[in-house]
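Structure at a glance
Below, each chain spelled out in residue letters.
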Amino acid sequence: MIYRYRPEMDSPVYIDWRKKILKRDGFACQMPRCKVRKRLQVHHIVPWSESANLRYETSNGITLCYSCHKEVTKKEGSYVGLFSSIVYENEKNS
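Position numbers for residues count from 1 along each chain, tracking the sequence in the order it is written. Restriction of local features to residues with pLDDT of at least 70 applies here, the model being predicted, together with a cutoff of 80 or more for giving and counting side-chain atom pairs; totals for whole chains, interfaces and linings are based on all residues. To obtain the side-chain values, all non-hydrogen atoms of the structure were used and water was disregarded.

Before going further, it helps to spend a moment on the overall build of the chain. If you tally the helices and strands in the chain, you get three helices and two strands. Elements are defined by DSSP. Helices are runs of H or I of four residues or more, strands are runs of E of two residues or more, and each kind is numbered from the N terminus. Ordering the α and β elements of the chain from the N terminus gives α-β-β-α-α. The dimensions of the chain, computed from C-alpha atoms along their principal axes, are 35 × 30 × 25 Å. Buried residues are those whose accessible area, probed at 1.4 Å on protein chains only, stays under 20% of the maximum for their type, while exposed residues exceed 50% and partly exposed ones sit between those limits. Within the span of the chain, comprising 94 residues, buried residues form 37% of the whole. We call two residues in contact whenever any of their non-hydrogen atoms come within 4.5 Å of each other. In the chain, the proportion of contacts linking residues at least 24 apart, taken out of those at least 6 apart, comes to 66%. Accessible area of the chain: about 6000 Å², with a carbon and sulfur share of 53%. For the chain, the separation between the mean place of its 17 positive charges and that of its 10 negative charges on side chains is 7 Å. Residue burial considers only the protein chains on display, and all accessible areas are found by Shrake-Rupley using a 1.4 Å probe. Counted as positive: Lys and Arg. Counted as negative: Asp and Glu. His and the chain ends are not counted at all. Taken as the charge centre is NZ of Lys, CZ of Arg, CG of Asp or CD of Glu, depending on the residue.

And the structure:
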């Protein structure tokens, strides 16, 4: 499993955050060379458990498909730079 369900995921704040990320990212996986548009998940660049103050910052979220999300799980630190630069470009262009 990619993530553990948290009751916070049903909160209006989380739902709004997730919608903003998906819209900003064009409802497509942002992993380079992927662009899948199905089974999308919103990934916290800095993990939820590590930074409470970034949980709902749009700059800390990126859209990934199920497969890409699974690929980065437990290796999040390796992707911070890449994902941050993608998000920066997406926010600049939205």
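Of note, S85 is situated in helix α3 (residues 80–93). The spatial distance from the C-alpha of S85 to the C-alpha of R18 is 19 Å, given a sequence separation of 67 residues. Polar contacts, as used here, are pairs of N or O atoms within 3.5 Å; protein pairs need one atom able to donate a hydrogen and one able to accept it. Residues neighboring in sequence count only if both atoms are side-chain atoms. Of note is the side chain of S85, whose polar atom sits 2.8 Å from the backbone oxygen of L82.

Averaged over the chain, the pLDDT score is 91; the fraction of residues at 70 or greater is 93%. Each residue carries a pLDDT value, the predictor's own confidence for that position, ranging from 0 to 100. Ranking the elements of the chain by mean pLDDT puts α3 last with 95 and strand β2 (residues 61–65) first with 98.

Any two of the Phe, Tyr and Trp rings considered here, Trp counted by its six-membered ring, make a pair once their centres fall within 6.5 Å; the pair's planes then place it as stacked at under 30 degrees, edge-to-face at over 60, or tilted in between. Evaluated as defined, the whole model comprises four aromatic pairs. Taken together, a centroid distance of 6.2 Å and an interplanar angle of 65° make the contact between Y14 and W48 edge-to-face. Here W48 lies in the loop between β1 (40–44) and β2 and Y14 lies in helix α1 (residues 12–24), a separation of 34 residues in the sequence. In this pair, the class of Y14 matches that of W48, namely buried. Ring geometry for Y79 and F83: centres 5.3 Å apart, planes at 20°, overall stacked. Each of the two residues, Y79 as well as F83, counts as buried.

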